[in-house]
Amino acid sequence: MSRQYLAWGSADNAHPVDIFSLAVTQKQVISASGAPSLKVHSTVDADFPLVQSLDGAHALGCHHVVTDVSGTRAVSAGFAGDVKVWSCQDGYWSADATASANLNDLNVWAVALSEDGQYLAGVSQDGHIGVWDLNADGAQIRDHETKGSFGTCIDLSPDGRFIASGHENGAVYIFTTEHARMPFSLSGLVKPVRAVAFSPGGKILAAAGDSKVIVLYDTSSGEQIANLSGHSAWVLSLSWSTTGEYLLSSSFDGKVKVWSIDTKTCVATQSETEKAVWSVKWLPKTARSEAFTTGGANRSVAFYREATGG
Amino acid sequence: MALNANILRTVIPQPDRQACVRAYIDNTLTDLVDQLSLPPTEAQPSIRIRRRATPANCTINRGSGALEAVPNLEVYRTYSWPGATAYESWKFTVIIRILAIIDQAVRSGQWVSKRDIYYIDPAYFRSQDTVDTVIDELAYTIGVDRGALNVEAAGKGLIAGAFALKRDSRLVLDAGFATQDTLVPRIQQNDEIDILATRWVLVIEKEAVFHRLVRNDYYNRAVAGQGILITGKGYPDIRTREFIRHLFDATCNDRRPPRFYALVDGDPHGVEIMSTYKYGSLAHVHDNASLSIPGLKWLGLKVSDAIIASEATGSDGILTLKPRDRKKILAMLRNSPVLANDGPEAEWRIELQRMLMLNIKAEIELMYELEGGLEMWIDRRMFRQE
């Protein structure tokens, strides 16, 4: 059964160049782009006003920004290799200079933050996966070596038990955070992987990239559960809805798709742009309806909500 | 210390070599003047040239098996005026004329190219080869390299298409009828370029791509009309940049000026080469104002072009960035005023960031495999930019 998502509004030209990453909190969306500033947009107001600009955050631009669930901490990673920690009080973000200084020379590309904001996971360009404890002066508590292929994406399961990373050579690794065991690799993708995402319960891992197909894995067995086919370009971003019923994906040709996990089918496709959509994220579920946000080469942060009967 | 010693070794001899050159020229010219002041019956103006090794006076070293010059065999050839043959007298005057040009270059500290020397009097020198040979022979005779004569290599740029170059109302180059690749000519102050019906000028990074387009007669067959193909073979030399700038200046006030496009690889070097054409290089900061091509537009190759092409052809033409490519991009983003965040080329900057993001790059040759080839792709792309 198909579903409809309606354009809900957008922060047009939020950045002067491509938006590479979006991070979502209860009331805000933080967008990161090739320009130095991070932008904070309110999702409480249907006009999605800009509430803060973190100017000069990353001189050479920023490719990843992540937040914890409560929206008190954010971490951003810049093209120059600079990683910054941000903390939020009363909806206002400021740089956490001490925590940022601890993370100097982190050597990571993609980053993920645990739900409680304590642990930062990152994967490097030479395939190393590290975990750092931000409540203990950024001490590194895990360092896993993989086969050296560029780590393009990483995710932490919401319960904090698993880390998954996707690599340029098509490899997807999962390992548990409880013990420093070697990761095991998941087969199925041969082309570069661009996105990995754990389901809210942590039972399923979705992975996708240049193969254009989204592969769902059972995280306990490593077996493939399903292949979701329908994108006709490289898949760049994945996001699970709060309930785990829907998976959101975006691709290089500007398509955004919503997949039903129940039926393993695509239930909605947005094609408002022909330019790459680098990042998609569901907004936290509210009483009103389900909604998501997208950002990419058209430079705007767009919002969509489910069309309800009335 | 070792490093310093090295620097000293390479730097110090330069004035010596220049002094050698000046001394040789002075002595030679003084001798000639002395000879010419003698009564005609006694005068024997001549110039002695040491010949370089030719296959005839080379031998195989029995030990190393390598071809080398016969030791202690100095081959000299003396050219006299008026000489025994017409050839000898012509060669004598050619040597003297070139010597005079070098003399002027060395004294004024200016550089001159083999190509420039040839164009001073093409009819007299007859061929570029004559000029090249005499310069090399003079350098060998004096015992220095060509650089000490303030003579640089000929410009490396190549050009094809419908244009003609007039100097003092004489046609010196008509590329429209050229059957071979034409070297980009040196432009002089009062040169006139007639670019006839040219609708576009395509500045190409790579020589191989240039040759393909020339072979396919693209400058005549493009949907956008007649055009000019030009390549500086990688990072362009001053000559090539100067010529394109001249084309640009000569046409920018036309009612329908031709479009200037850059066709470069989708990698950091491609972007830097395009930036050199459009804005100039750090190595020649003083000249950039007279060499830049403000109207240059980026035709390709962009990341999205490459991805679409590789998907369409099923080729593996998309390449992975090497760590040094990533370093190069970061250095460009950090240091280039052209690519600065508030600089004039936001689209170039974001394209480099997309390369970093996807960790990919691509070469123009990828487009060969498209249906209709690179040519049809350029046709479409020019149409879109019109």
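All figures in this text were calculated on a predicted structure; none of them were measured in a lab.

Peer 1: Help me out: how do you make sense of the UniProt feature "repeat: WD" (unreviewed entry) in chain A in this one?
Peer 2: All names here are of chain A. The sites that carry the UniProt feature "repeat: WD" (unreviewed entry) are, in the present numbering, residues 101-135, 186-227 and 228-269. Between the C-alpha atoms that bound residues 101-135 the distance is 13 Å, and the span itself is 6% helix and 40% strand. Annotated as residues 228-269, this span is 0% helix and 55% strand, and its ends, taken at the C-alpha atoms, are 13 Å apart.

Peer 1: What is the right way to read the environment of A:Gly160 from this model?
Peer 2: Residues and elements named next belong to chain A. In this structure, Gly160 sits in the loop between β14 (151-156) and β15 (162-167). Distance from Gly160 to Ala32, taken between C-alpha atoms, is 25 Å for residues 128 residues apart in sequence. Here Gly160 is in contact with Ser114, Glu115, Tyr119 and Thr177, once residues within four sequence places are set aside.

Peer 1: Just checking my understanding: could you explain the packing of helix α3 (residues 86-108) of chain B against helix α6 (residues 128-142) of chain B for this structure?
Peer 2: A pair of packed helices can be characterised by two numbers: the angle between their axes and the separation between those axes. Residues and elements named next belong to chain B. One can describe the packing of α3 onto α6 by two numbers: an axis separation of 10 Å at closest approach and a directional angle of 70 degrees. The angle between the axes of α3 and α6 places the two elements in the roughly perpendicular class. Contact residues: Val94, Ile95, Ile98 and Leu99 in α3; Thr130, Val131, Val134, Ile135 and Leu138 in α6.

Peer 1: Even after reading the chapter, I still don't get the sheet that holds strand β18 (residues 193-198) of chain A, so can you show me in this structure?
Peer 2: Paired through backbone hydrogen bonds, the strands of a sheet run either parallel or antiparallel to each other. All names here are of chain A. An order of β18-β19-β20-β21 is seen for the four strands of this open sheet, with the pairing classed as antiparallel. Of all the strands in the sheet, the pair left with one neighbour each is β18 and β21 (224-228). Ignoring strand direction, the axes of neighbouring strands in this sheet form an average angle of 20 degrees. As defined by bridge partners, strand β19 (residues 204-209) adjoins strand β20 (residues 214-218) across four bridges and the pair is classed as antiparallel. Counted as the bridge partner of Ala207 is Val215 from β20.

Peer 1: I would appreciate a short explanation of the environment of A:Asp137 in the present structure.
Peer 2: All names here are of chain A. Within the fold, Asp137 resides in the loop between β12 (129-133) and β13 (139-144). Residue Asp137 is classed as exposed on the basis of its C-beta count, with 12 C-beta atoms lying within 10 Å. Taking C-alpha positions, Asp137 is 33 Å from Ala14, a pair spaced 123 residues apart along the chain.

Peer 1: Got a minute to help me understand the interface of chain A and chain B in this structure?
Peer 2: Contact residues are listed per partner, giving 16 residues for chain A and 14 residues for chain B. For the side of chain A that touches chain B, a count of residues per class yields eleven nonpolar, three polar and two charged.

Peer 1: Teacher, can you tell me more about the UniProt feature "active site" (unreviewed entry) in chain B here?
Peer 2: Residue and element names in this part refer to chain B. Using the residue numbers shown here, the UniProt feature "active site" (unreviewed entry) corresponds to Tyr119. Along the chain, Tyr119 turns up in helix α4 (residues 114-120). Under the C-beta neighbour-count criterion, Tyr119 is labelled partly exposed, with 19 such atoms within 10 Å. Leave out the neighbours within four places in its chain, and Tyr119 touches Pro185 and Arg186.

Peer 1: Is there a simple way to explain helix α10 (residues 268-279) of chain B in this structure?
Peer 2: Within an α-helix, residues lying three or four positions from one another point in the same direction, as the helix has 3.6 residues per turn. All names here are of chain B. Its twelve residues give α10 an end-to-end C-alpha distance of 16 Å, which sits within 8% of 16 Å, the value for a rise of 1.5 Å per residue. Residues of α10 that are buried include every one of Pro268, Gly270, Val271, Glu272, Ile273, Met274, Ser275, Thr276, Tyr277, Lys278 and Tyr279, and no others. Among the residues trailing α10, Gly280 stands out with phi positive, at a value near 110 degrees.

Conventions adopted
- Think of each chain on its own: its residues are numbered from 1, step by step along the sequence as written.
- Following the order in which they are written, the chains are lettered starting with A and the ligands numbered starting with 1.
- Whole-chain, interface and lining totals are the exception, using all residues; otherwise, since this is a predicted model, local features are given only for residues with pLDDT of at least 70 and side-chain atom pairs are given and counted only at 80 or more.
- UniProt positions are given in the numbering used here, feature names are shortened, and annotations may be inferred rather than shown by experiment.
- What counts as a helix is a DSSP run of H or I of at least four residues, what counts as a strand is a run of E of at least two, and both are numbered from the N terminus.
- We call two residues in contact when the distance between their C-beta atoms, placed using the backbone, is within 7 Å.
- Inter-axis angles, ranging from 0 to 180 degrees, are taken between N-to-C directions of lines fitted to C-alpha atoms, where helices are fitted over the stretch in contact.
- Roughly parallel refers to an angle under 35 degrees, roughly antiparallel to one over 145, roughly perpendicular to one between 65 and 115, and oblique to any angle outside these ranges.
- Whether two strands pair comes down to DSSP finding at least two bridges between them.
- Residues with at least 20 neighbouring C-beta atoms inside 10 Å of their own are called buried, those with 12 or fewer are called exposed, and the rest are partly exposed, where every C-beta is derived from the backbone.
- Residues are sorted three ways: Asp, Glu, Lys and Arg are charged, Ala, Val, Leu, Ile, Met, Phe, Trp, Tyr, Cys and Pro are nonpolar, and all the rest, Gly among them, are polar.
- In this analysis, the expected span of each helix is defined as 1.5 Å times one less than the number of residues it contains.

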